[in-house]
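Residue-level structure breakdown
Spelled out from the first residue to the last, the chains are:
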Amino acid sequence: AMTILEAEGKGILFDSLSLEYNSAVGIDTVNSVFKNETDKEKAIIAYQNLLDDFGKFLKKNNFKWPFATTCFQKVFFREDGNIDYFLFNFLGEPPYEVSADQEKKFKELMNEFIKSYKYPVTANMKFAQCGTVVYGMK
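Quick notes on the rules
- Residues numbered from 1 in each chain as written.
- Predicted model: local features only at pLDDT ≥ 70, side-chain atom pairs only at ≥ 80, totals over all residues.
- Heavy atoms only, no water.
- Helix = DSSP H or I, 4+ residues; strand = E, 2+ residues; numbered from the N terminus.
- Expected span 1.5 Å × (residues − 1).
- Buried < 20%, exposed > 50% of the residue type's maximum accessible area, 1.4 Å probe, protein only.
- Arc of directions from axis to C-beta.
- Contact = heavy atoms within 4.5 Å.
- Lys, Arg positive; Asp, Glu negative; His and termini not counted.
- Salt bridge = Lys/Arg side-chain N within 4 Å of Asp/Glu carboxyl O.
- Polar contact = N/O pair within 3.5 Å; in protein donor to acceptor, adjacent residues only side chain to side chain.

Let's talk about helix H4 (residues 100-116)
The end-to-end C-alpha separation of H4 is 25 Å, in line with the 24 Å expected for 17 residues at 1.5 Å each. Within H4, burial applies to Gln-102, Phe-106, Leu-109, Met-110, Phe-113 and Ile-114. Projected onto a plane normal to the axis of H4, the buried residues spread over an arc of 130° and lie on a single side. Turned more than 90 degrees away from the buried face of H4, the exposed residues are Ala-100, Asp-101, Lys-104 and Lys-115. For H4, the secondary structure elements touched by its buried residues are helix H3 (37-60), strand S4 (83-90) and strand S5 (127-135).

Here it is in structure tokens:
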């Protein structure tokens, strides 16, 4: 897990990854990994569950947001459901910017979480899911 800027600094280019990992679901079913409605629904639910599970993990580890925090993230999965990369960027602007300490702790906890997390949906190719998430709403 790392910010998109950090990844680029390490030579892990967001656009290159997007070519290597097909979109899990999308309007363009030709290039999407999950094409039929049943498979797309399973992938969407699994992604929502991943976010819920991570939110519970943050709470269990006493991580608290001082305000609702918007984050763009893209998760890159291996065929077997293991996570290769979890790239993110917090989108808050003053006074709702995430502090460097909060970002560091978030990243540490995400790295700990993904070590043992296995996405329950698999495919015959690498795939990615992305979206904007608001953390700290509950």
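Digging into unusual backbone geometry
Of note, the phi angle at Asn-62 is positive, near 60°, even though the residue is not glycine. Assessed through its relative accessible area of 62%, Asn-62 is described here as exposed.

Topic: the side chain of Lys-74
For Lys-74, the location among the structural elements is in strand S3 (residues 69-77). Put simply, Lys-74 is tucked away with no salt bridge, and the nearest opposite charge, on Asp-15, sits 7.6 Å away. Here Ser-18 takes part through its side chain, which lies 3.0 Å from a polar atom of the side chain of Lys-74. For Lys-74, the residues in contact, after removing those within four places along its chain, are Phe-14, Ser-18, Tyr-85, Phe-86, Leu-87, Ala-128, Gln-129 and Cys-130.

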